[in-house]
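Okay, here's what each chain looks like letter by letter:
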Amino acid sequence: MASATSRDGRLPWFLRGLASSSWDVTLPRHVRPRWPGYCLFSRHPTPTRSTWVVARDHREGASLWRGWVRLAVPCRPVPAAMFHLRRALRGAAAVGLAAGCFAFTECIVRPHATGLASGLLFLAMFVLLLLPLVAWERRRPLPLAVTVHADRVDYAFRVRDTAEEFARLNAAPLVPPAGASHTDAPSSHPGSKPTSST
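Reading guide: rules and limits
Once a new chain begins, its residue numbering starts again from 1 and follows that chain's sequence as written. Only residues with pLDDT of 70 or above have their local features reported here, since the model is predicted, and side-chain atom pairs are shown and tallied only from 80 upward, although totals for entire chains, interfaces and linings are computed over all residues. As a rule here, side-chain values cover all heavy atoms of the structure and leave hydrogens and water aside. Relative accessibility under 20% of the residue-type maximum defines a buried residue, over 50% an exposed one, and the middle range a partly exposed one, all with a 1.4 Å probe and only protein chains included. Each helix corresponds to a stretch of at least 4 residues labelled H or I by DSSP, and each strand to a stretch of at least 2 residues labelled E; elements are numbered beginning at the N terminus. Only heavy atoms matter for contacts: two residues are in contact if any of them lie within 4.5 Å across the pair. Buried Ala, Val, Leu, Ile, Met, Phe, Trp, Tyr and Cys residues that are joined via side-chain atoms within 4.5 Å together make up what is termed a nonpolar core. In this analysis, strands are considered paired if DSSP registers two or more bridges between them. What counts as a salt bridge is simple: a side-chain nitrogen of Lys or Arg found within 4 Å of a carboxyl oxygen of Asp or Glu. The term disulfide is used for any two cysteine sulfur atoms that are within 2.5 Å.

This brings us to helix α4 (residues 160-169). Along an α-helix, residues three or four apart share an orientation, since each turn contains 3.6 residues. By the criterion of burial, α4 is predominantly enclosed, with 7 of the 10 residues buried. By the burial criterion, the buried members of α4 are Thr162, Ala163, Glu164, Glu165, Phe166, Ala167 and Leu169. In the core, the buried residues of α4 are packed alongside β1 (23-28), β5 (152-157) and β6 (174-175). Where α4 terminates, the next one or two residues include alanine 171, which has phi positive at roughly 50°.

Put into structure tokens, the structure is as follows:
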């Protein structure tokens, strides 16, 4: 299968907007991750507490009690609150976008087009408005994103140093962003310690 990247390891310009800028680490699902000794969201060297990050494997069926993963992540209270607020706002943005498209279709499109035509217009408008939102979320990722699979858990970090430290602590490989060049490859001695809060 041919690679979408160019010789320098970068994606074509028309795909770069949708490429994630996160650094990824994958662990087996049964492994409890070891976290760096600082706030994961502000990188302050002395975390005062932890917060729960909950994710779910949606492919395990409709049973609500299956597929959930709960992680205790070291953090400070204010950065943790901002992290959860950003997660909630991103979910609300997608719901609001769908509701806005539906309202526009019902109030503006429906009187002039019915049936399949109105459905296609709704779908086209939703996709066109969703693409910039997806591109923005991929280029401005959360400090931590967790994706659960049947046999593994993917951890995506916005900050490279945090990802390298997490990979080192868990003896796991670090995967750079899809559009990163070869010069952005992980360093041979990952895990530089933070010096201050950002």
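As a further point, take the nonpolar core. Ranked by internal contacts, the top residues of the largest apolar core, which has 27 residues, are Trp35, Phe41, Leu144, Val146, Tyr155 and Phe157. It is strand β3 (residues 68-75) that contributes the most residues to this core, 4 residues altogether. Apart from the residues within four sequence positions on either side, phenylalanine 41 is in contact with Thr51, Val73, Cys75, Pro79, Ala80, Phe83, Pro143 and Leu144.

With antiparallel pairing, the 4 strands of this open sheet are ordered in space as β4-β5-β1-β6. Pairing within the sheet leaves two strands with one partner each, and these edge strands are β4 (144-148) and β6. For β4 and β5, the ladder comprises 5 bridges, and the chain directions are antiparallel. Bridge pairing links threonine 147 to aspartate 154 in β5.

Going through the model one piece at a time under the given rule, you end up with 4 salt bridges. A salt bridge links arginine 152 to aspartate 154; its shortest N-O distance comes to 3.6 Å. Classification of arginine 152 as partly exposed rests on a relative accessible area of 33%. A salt bridge links glutamate 165 to arginine 168, with the nearest nitrogen and oxygen atoms 2.9 Å apart. Of this pair, glutamate 165 and arginine 168 both sit in helix α4, 3 residues apart, which is roughly one turn of the helix.

With that settled, consider the environment of glycine 100. Among the structural elements, glycine 100 can be located in helix α2 (residues 77-109). By relative accessible area, glycine 100 is classed as partly exposed at 38%. For glycine 100 and phenylalanine 126, which are 26 residues apart along the polypeptide, the C-alpha to C-alpha distance reads 8.9 Å.

Per the counting criterion, the structure on display carries 0 disulfides. In this structure cysteine 39 is a free cysteine whose sulfur lies 5.6 Å from that of cysteine 75, the closest cysteine sulfur available. By relative accessible area, which is 0% here, cysteine 39 ends up buried. Since its relative accessible area comes to 0%, cysteine 75 is described here as buried.

Relative to the helices and strands, arginine 86 is located in helix α2. Note: C-alpha distance between arginine 86 and leucine 142 (56 residues apart in sequence) is 7.8 Å. Among residues more than four places away in sequence, those in contact with arginine 86 are Arg140, Pro141, Leu142, Pro143 and Arg158.

Before going further, it helps to spend a moment on unusual backbone geometry. Even without being a glycine, arginine 43 presents a positive backbone phi close to 65°. Following the sequence through the fold, arginine 43 ends up in the loop between β1 and β2 (49-56). The backbone of alanine 171 sits at a positive phi, close to 50°, despite the residue not being glycine. Along the chain, alanine 171 falls in the loop between α4 and β6.

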